[in-house]
Amino acid sequence: MSRTKITALVDALGDITTVLRDADPADKAEVYRQLRLRLNYQPETQTVRAAVDLSAHRQALVCVRGATRPIAPPPMTLGITLKLVRV
């Protein structure tokens, strides 16, 4: 997808942060389950490690000339550690 198409898709979704914040808890849990979101809380540092497994959303690679078998892409996980603060 081109940058323009991705931007148009994100714009069409609207403010996803607000949508998720206001969503029914069961619907929100389903979105997080499908994203394979994992949250790990570390009480000693008051941080949360968030990770999303993108492997299920990636396609197998196929050679133009016809590979004998599809080549699976390597696993891909995005993660970040967030510091919790009081507001």
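See the structure shown above.
Only a predicted model underlies this, so the values are computations on that prediction, with no experimental measurement involved. (Residues numbered from 1 in each chain as written. Predicted model: local features only at pLDDT ≥ 70, side-chain atom pairs only at ≥ 80, totals over all residues. Heavy atoms only, no water.)

Chemist: Honestly, the pairing of strand β2 (residues 47-53) in this entry has me stumped. Any pointers?
Modeler: Each regular strand shows side chains that alternate between the opposite faces of the sheet. With 6 bridges connecting them, strand β1 (residues 37-42) and β2 associate as antiparallel partners. The residue of β2 that forms the bridge with Leu-37 is Val-52. Hairpin connection of β1 to β2: 4 residues between the antiparallel strands, including Gln-46 at a positive phi of 50°. Pairing geometry for β2 and strand β3 (residues 77-83), over 7 bridges, is antiparallel. Across the sheet, the residue bridging to Val-52 is Leu-78, located in β3. (Pairing = 2+ DSSP bridges. Helix = DSSP H or I, 4+ residues; strand = E, 2+ residues; numbered from the N terminus.)

Chemist: Explanation requested: the layout of surface pockets in the structure shown.
Modeler: Where empty space is left can be seen by rolling a probe of water-molecule size over the atoms. Taken as a whole, the largest pocket spans an internal volume of roughly 280 Å³. In terms of lining residues, the largest pocket is bounded by Leu-13, Ile-16, Val-19, Leu-20, Val-31, Tyr-32, Leu-35, Leu-37 and Val-52. Those elements that place two or more of their residues in the lining of the largest pocket are α2 (16-22) and α3 (25-35). For the lining of the largest pocket, the per-class residue count stands at 9 nonpolar, no polar and no charged. (1 Å grid on protein atoms, 1.4 Å probe; cavity = no way out; pocket = protein on both sides within 12 Å on 5 of 7 lines; lining within 4 Å. Points joined across faces, edges and corners; volume = space filled by probe spheres on them. Nonpolar A, V, L, I, M, F, W, Y, C, P; charged D, E, K, R; others polar.)

Chemist: Where do I start with the side chain of Thr-47 in this structure?
Modeler: Counting through the fold element by element, Thr-47 comes out in strand β2. Polar side-chain contacts of Thr-47 include one of 2.7 Å to the side chain of Thr-45. Leave out the neighbours within four places in its chain, and Thr-47 touches Asn-40, Tyr-41, Gln-42, Thr-81, Leu-82 and Lys-83. (Polar contact = N/O pair within 3.5 Å; in protein donor to acceptor, adjacent residues only side chain to side chain. Contact = heavy atoms within 4.5 Å.)

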